[in-house]
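# Inside the fold
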Amino acid sequence: MEFQQFIGFLIFLGVFTMGFWLMIFALTFIVPYWLFGSIMENIKLKKEAKKNKK
C-alpha cells in the first residue's frame with residue numbers, strides 16, 4: 001500500500017466515523033428532543049383552543 005492510498009484510507013475512515021457518530025447523536029438526542037417539543041406544543045395548542053372555546 002502506497003502512502004497516498006494510506007492517507008486516502010485514513011480520510012475515508014475519518015469521514016465514515018464522523019458520519020456514524022453524527023447519526024447516533026441525531027437518533028439519541030435531536031429526534032427525541034424534536035418529538036417531545038412537538039407533542040408539548042400540540043398539547044398546549046389544544047388546551048388553548050379548549051379554553052378559547054368556553
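Data block above holds the structure.
Residues numbered from 1 in each chain as written. Predicted model: local features only at pLDDT ≥ 70, side-chain atom pairs only at ≥ 80, totals over all residues. Heavy atoms only, no water.

## Observations regarding the overall build of the chain
When you go through the chain residue by residue, the secondary structure sums to one helix and zero strands. A compact globule built from 54 residues would reach a C-alpha radius of gyration of about 10 Å, whereas the chain, at 23 Å, exceeds it by more than 25%. Expressed as lengths along the three principal axes of its C-alpha atoms, the size of the chain is roughly 75 × 15 × 5 Å. Taken over 54 residues, the chain has a buried fraction of 0%. (Helix = DSSP H or I, 4+ residues; strand = E, 2+ residues; numbered from the N terminus. Rg over C-alpha atoms; globule rule 2.2 N^0.38 Å. Buried < 20%, exposed > 50% of the residue type's maximum accessible area, 1.4 Å probe, protein only.)

## Structural notes on a nonpolar patch on the surface
Judged by side-chain polarity, M1, F3, F6, I7, F9, L10, I11, F12, L13, V15, F16 and M18 come together as a nonpolar surface patch covering roughly 1300 Å² of accessible area. Position of V15 relative to the elements: it lies in helix α1 (residues 3-53). (Patch = residues over 30% accessible without salt bridge, like charges linked within 9 Å, V, L, I, M, F, W, Y side chains within 5 Å. Areas by Shrake-Rupley, 256 points an atom, 1.4 Å probe, with all protein chains shown as cover. Salt bridge = Lys/Arg side-chain N within 4 Å of Asp/Glu carboxyl O.)

## Considering the environment of M18
Within the secondary structure, M18 is located in helix α1. Residues M18 and F29, spaced 11 residues apart in sequence, show a C-alpha to C-alpha distance of 16 Å.

## Examining the packing of aromatic side chains
All told, the structure shown has four aromatic pairs when counted by the stated rule. Considering the side-chain rings of F25 and F29, the 5.5 Å spacing of their centres and the 25° angle between planes classify their relative orientation as stacked. Taken together, the residues F25 and F29, both in helix α1 and four residues apart, mark about one turn of the helix. Summarising the aromatic geometry, the rings of F29 and Y33 are spaced 6.0 Å apart at their centres and angled 15° between planes, so their arrangement reads as stacked. Here F29 pairs with Y33, and both are found in helix α1, just four residues apart, close to one helical turn. For F29, a relative accessible area of 46% corresponds to the partly exposed category. Three or more aromatic residues joined by ring pairs form one cluster here, namely F25, F29 and Y33. (Phe/Tyr/Trp six-rings, centres within 6.5 Å; stacked < 30°, edge-to-face > 60°.)

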